[in-house]
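Each chain is listed here by its residues.
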Amino acid sequence: MSIENDLDLIMDFDKNYCLQIYNPLPLAFKYGKGCYLVDEKDEEYLDMIGGIAVNSLGHAHRKLTKALRRQVGEIIHCSNYYYIPQRSELAYKLCKRSFADKAFFCNSGAEANEAAIKLARGYFHYKGEDRYEIITAKMSFHGRTLGTISATGQPKFSEPFAPVVPGFKYVEFNNFEDLESAVTQKTAAVMLELIQGESGVHPADEEYIKNVRKLCDDSGILLIIDEVQTGVGRTGTFFCYEQYGIKPDIVTLAKGLGGGVPIGAMLCTDEVATGFKPGDHGTTFGGNPLACTAGNTVLDVLDEDRILDNVNEVSSMLFEKLTKLSGKYSAIKSVRGKGLLIGIEFDERISASNMRLELAGKHILVSSIGNSVIRIAPPLIITKSQANAFCKAIDGILKNTVPAKKNVIDIIKDKIPAKGETK
Ligand SMILES: Cc1ncc(COP(=O)(O)O)c(C=O)c1O
């Protein structure tokens, strides 16, 4: 039985047999190619959200597909009872390009953050210090497991599942005094995103992060940076922290690392790695040959094809065009983010979910956050002309929805009647 080409049947099966926790558009894709997805009617969609910042090399990338095909034919999984060459290689590559000395691999962002939280607590436990509290930011997002909803500073994710894991404190993002006053003798770590992606694409201020680093150093606290969404080139540098002039003690990665194959990673220094003794942590699937082949290939392709240069070039173009559009339409309240993680916030005249639908109607895929923000996180291989098509689509939708801001010439024309005209 194949239901692949019958969207009604797919939706019917989903409704009847899948847990109803998502709210999908009525679309199902057969395959993808580069920055496009193709549905069951063979219609192409420009993928400006890339599986939520996951499809870093787009769809069906030649080198990634080839490497994965080969790996599947050799060995997919063998367990961590044995050495795994692909895992050792990926750990080496990630440590060599970062502050880190050691890597741990798992299957998702939430799992990487679970590992980070446990490691921070274990670090102080083995030092004989009674520090376990983790300070996180309000409006943060760290995952959906019980530990990570407890870390997430948005009660809507944890309230129905109370009681949450104790030992988390939430402070105002980008407010250093608030964070400073939350530190106690019990504080083990501060855990932050550098861009709060899931609450509307809000970047951290550079000064704030530098102050947080100093506070952590002065107080003997660990700094955990959650780069699940911002890592692996998404913001124009391999790690977003590079742009803040700091070095964290622990970093978590996932999304873009496998180019679509599930993988998470936690990186840390040798000093912090003392928080786990053999047997303290582990996972059945984490670090398996298939997932690590994906990670190794993504990293190689980023370098070989100079993909960070592309991220920075297309990003500059997008920011320039979107900022121009915000000059043209007062309905755009702000354009923010870094690299190819960008949020566009609209005023009350534009509903973000309607904008998402309108764009889908024009065969462009984005995500909406809350009532007012649309987010784009396209494949890092996106071209300028594809990015331009997105900007044009936004322009076209706004043109038909809200009046454009008048430019100076129009205002003057309005005020001064043309010859022979009376006002
Ligand atoms: C910053 C951040 N941390 C953690 C997660 C959780 O990752 P996953 O969905 O792979 O568990 C996400 C997912 O959106 C994220 O954006």
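See the structure printed just above.
Note that the coordinates shown come from a computational prediction; the quantities given were computed from them, not determined experimentally.

Calculation notes
Residues numbered from 1 in each chain as written. Predicted model: local features only at pLDDT ≥ 70, side-chain atom pairs only at ≥ 80, totals over all residues. Heavy atoms only, no water. Helix = DSSP H or I, 4+ residues; strand = E, 2+ residues; numbered from the N terminus. Rg over C-alpha atoms; globule rule 2.2 N^0.38 Å. Buried < 20%, exposed > 50% of the residue type's maximum accessible area, 1.4 Å probe, protein only. Contact = heavy atoms within 4.5 Å. Areas by Shrake-Rupley, 256 points an atom, 1.4 Å probe, with all protein chains shown as cover. Axes fitted to C-alpha atoms, helices over the stretch in contact; angles between N-to-C directions. Parallel < 35°, antiparallel > 145°, perpendicular 65-115°, else oblique. Left-handed = near helix turned anticlockwise from the far one by under 90°. Nonpolar A, V, L, I, M, F, W, Y, C, P; charged D, E, K, R; others polar. Phe/Tyr/Trp six-rings, centres within 6.5 Å; stacked < 30°, edge-to-face > 60°. Lys NZ or Arg CZ within 6 Å of the ring centre and 35° of its normal. Near = heavy atom within 4 Å. Polar contact = N/O pair within 3.5 Å; in protein donor to acceptor, adjacent residues only side chain to side chain. 1 Å grid on protein atoms, 1.4 Å probe; cavity = no way out; pocket = protein on both sides within 12 Å on 5 of 7 lines; lining within 4 Å. Points joined across faces, edges and corners; volume = space filled by probe spheres on them. Pairing = 2+ DSSP bridges.

### Describing the overall build of the chain
Regarding its fold elements, the chain presents 14 helices and 17 strands. Relative to the 2.2 N^0.38 estimate, which gives 22 Å for 423 residues, the radius of gyration of the chain is 23 Å and therefore close to what a compact globule would have. Viewed in the frame of its principal axes, the chain has a C-alpha envelope of about 90 × 60 × 45 Å. Taken across its 423 residues, the chain has 51% of its residues classed as buried. Of the contacts formed within the chain by residues at least 6 apart in sequence, a portion of 71% connects residues at least 24 apart. Surface exposure of the chain reaches about 20,200 Å², of which carbon and sulfur atoms provide 53%.

### Observations regarding the packing of helix 11 (residues 307–328) against helix 13 (residues 384–401)
At their nearest, the axes of helix 11 and helix 13 sit 10 Å apart, and the two run at 15° to each other. Compared by their axis directions, helix 11 and helix 13 come out roughly parallel. Here helix 11 and helix 13 pass one another in a crossing that is right-handed. On the side of helix 11, the interface is formed by Glu313, Val314, Met317, Leu318, Lys321, Leu322, Leu325 and Lys328, while helix 13 contributes Lys384, Ala387, Asn388, Phe390, Cys391, Ile394, Asp395 and Lys399. Looking at the contact of helix 11 with helix 13 residue by residue, the class counts come to nine nonpolar, one polar and six charged.

### Concerning the packing of aromatic side chains
The geometry of an aromatic ring pair is captured by two quantities: the separation of the ring centres and the angle between the planes. As enumerated under the stated definition, the model contains nine aromatic pairs in all. Judged by centre distance (4.8 Å) and plane angle (80°), the ring pair of Phe238 and Phe239 falls under edge-to-face. Classification of Phe239 as buried rests on a relative accessible area of 0%. Each residue in the set Phe99, Phe238, Phe239 and Tyr241 is aromatic and connected to the rest through ring pairs, giving one cluster. Of note, Arg121 hangs over the ring of Phe168, and the distance from its end group to the ring centre comes to 5.5 Å. The ring of Tyr126 has Lys277 lying over it, and the distance from NZ or CZ to the ring centre is 4.7 Å.

### Side note on the site of the ligand
Around the ligand, a shell composed of 13 residues is seen, among which Gly109, Ala110, Asp226, Gln229 and Lys255 lie nearest. A distance of 3.4 Å separates an oxygen atom of the ligand from a polar atom in the side chain of Glu198. Between Lys255 and the ligand, the recorded distance is 3.2 Å, taken from a side-chain N or O atom to an oxygen atom. Looking at the shell around the ligand element by element, the count peaks at three residues for helix 5 (residues 109–127). Grouping the constituent residues of the shell around the ligand by class yields three nonpolar, six polar and four charged.

### So, the layout of surface pockets
Here the second largest pocket is characterised by a volume of approximately 560 Å³. Contributing to the lining of the second largest pocket are 21 residues, with Arg87, Ala103, Phe104, Phe276 and His281 lying nearest its centre. At the level of elements, helix 4 (85–96), strand 4 (102–106) and strand 12 (264–268) are the ones that each hand at least two residues to the lining of the second largest pocket. The element best represented in the lining of the second largest pocket is strand 4, accounting for four residues. Across the lining of the second largest pocket, the residue classes break down as 11 nonpolar, seven polar and three charged.

### Regarding the pairing of strand 12
For strand 12, a buried count of five out of five residues is recorded, marking the element as mostly surrounded by other parts of the structure. Of the two faces of strand 12, the one lined by Gly264, Met266 and Cys268 and the one lined by Ala265 and Leu267 are each fully buried. As paired strands, strand 4 and strand 12 are joined by five bridges and run antiparallel to one another. When the bridges of strand 12 are listed, Lys102 appears paired with Cys268. For strand 11 (residues 250–253) and strand 12, the ladder comprises four bridges, and the chain directions are antiparallel. Along strand 12, the bridge assignment pairs Thr252 with Met266.

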